[in-house]
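Commentary on secondary and tertiary structure
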Amino acid sequence: MEVPTPPPNPSSTVDVNPPYGNIVAAAKASLNFSTRNIPGTNDGSVGCAAAASVIFRRATGLNLAPPTKIELSTITVYDKLSRDTTNWRKRTDWRQAQPGDIICTKRKAKAGHVGVVSDTKSADGSFTVISNSSSGFRGSSRGSIQPNYTVKKWQEIASRNPTETAAFEYIGPFKNV
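Residues numbered from 1 in each chain as written. Predicted model: local features only at pLDDT ≥ 70, side-chain atom pairs only at ≥ 80, totals over all residues. Heavy atoms only, no water.

**Re the packing of aromatic side chains**
Our working rule: Here the aromatic set is Phe, Tyr and Trp, taking the six-membered ring for Trp, and pairing holds for ring centres within 6.5 Å; pairs whose planes are under 30 degrees apart are stacked, those over 60 apart are edge-to-face, and all others are tilted. By the criteria applied, helices consist of DSSP H or I runs no shorter than four residues and strands consist of E runs no shorter than two, each listed in order from the N terminus. With a 1.4 Å probe rolled over the protein chains alone, any residue whose accessible area is under 20% of its type maximum counts as buried; one over 50% counts as exposed, and the rest are partly exposed.
One pass over the full model with this rule turns up six aromatic pairs. Ring geometry for Phe56 and Trp88: centres 5.3 Å apart, planes at 35°, overall tilted. Of this pair, Phe56 sits in helix H2 (residues 48-60) while Trp88 is found in strand E1 (residues 88-91), placing the two residues 32 residues apart along the sequence. Here Phe56 and Trp88 have matching classes, each one buried. Between Tyr78 and Phe168 the ring centres are 5.7 Å apart and the planes differ by 80°, which places this aromatic pair in the edge-to-face class. Of this pair, Tyr78 sits in helix H3 (residues 74-83) while Phe168 sits in strand E6 (residues 165-170), placing them 90 residues apart in sequence. Judged on exposure class, the residue Tyr78 and its partner Phe168 are both buried. Each residue in the set Phe56, Trp88, Tyr170 and Phe174 is aromatic and connected to the rest through ring pairs, giving one cluster.

As far as function goes, none of this settles anything; it's purely spatial.
Written as C-alpha cells, this is what we have:
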C-alpha cells in the first residue's frame, strides 16, 4: 500500500516542502490530513497508528513499524519500537516526552493510542500531542490529524494501560531521498 502524502497545510508556519528530517515539522504539516480513506482505519475512527506512520514516513522516508508502511495497531507500534533499541530510545516515564517523540499506549482491554509530541506548549504547560482524532476535535473533521492531546492529558490514555505506555525518541538514520 502506498503511503498517502498529506497536502501542505497553508495555515502552518512550518516549511512543508518537504518536512524531511524533522518529525515535529512533518506532524505540523500533516494537520487536518484525513485518515478516513486509509484502508483498515474504519473510516478514520481507528487511525492513530496510521497517522503516526504517515507522519514518521514523511519525516524520515522510513516505515514506523517495518516492514509495514501504514501500521494500524498500537500493539505493533509499541512492541516494535520497544524492541528496536538501535533506532529508538524508550522513555519509560512518558511524562518526560520531548518534541519529536512518538508517545504510545499499547492496546490492552481498552483502546490504546499513539501520537507525535509537538514543540508547541499548551495552556497546561506541557507539549501538545498530534494524533488522529477519531471523533473530531474542537470542530475538526472526524478521522483527521489534530493537536488533540497534551503530554499531561495523555494520562487519560495511559490509565488504560499504565505499564505499557512510553515515549520513544527516534535515534536512527533518515533515508536519503
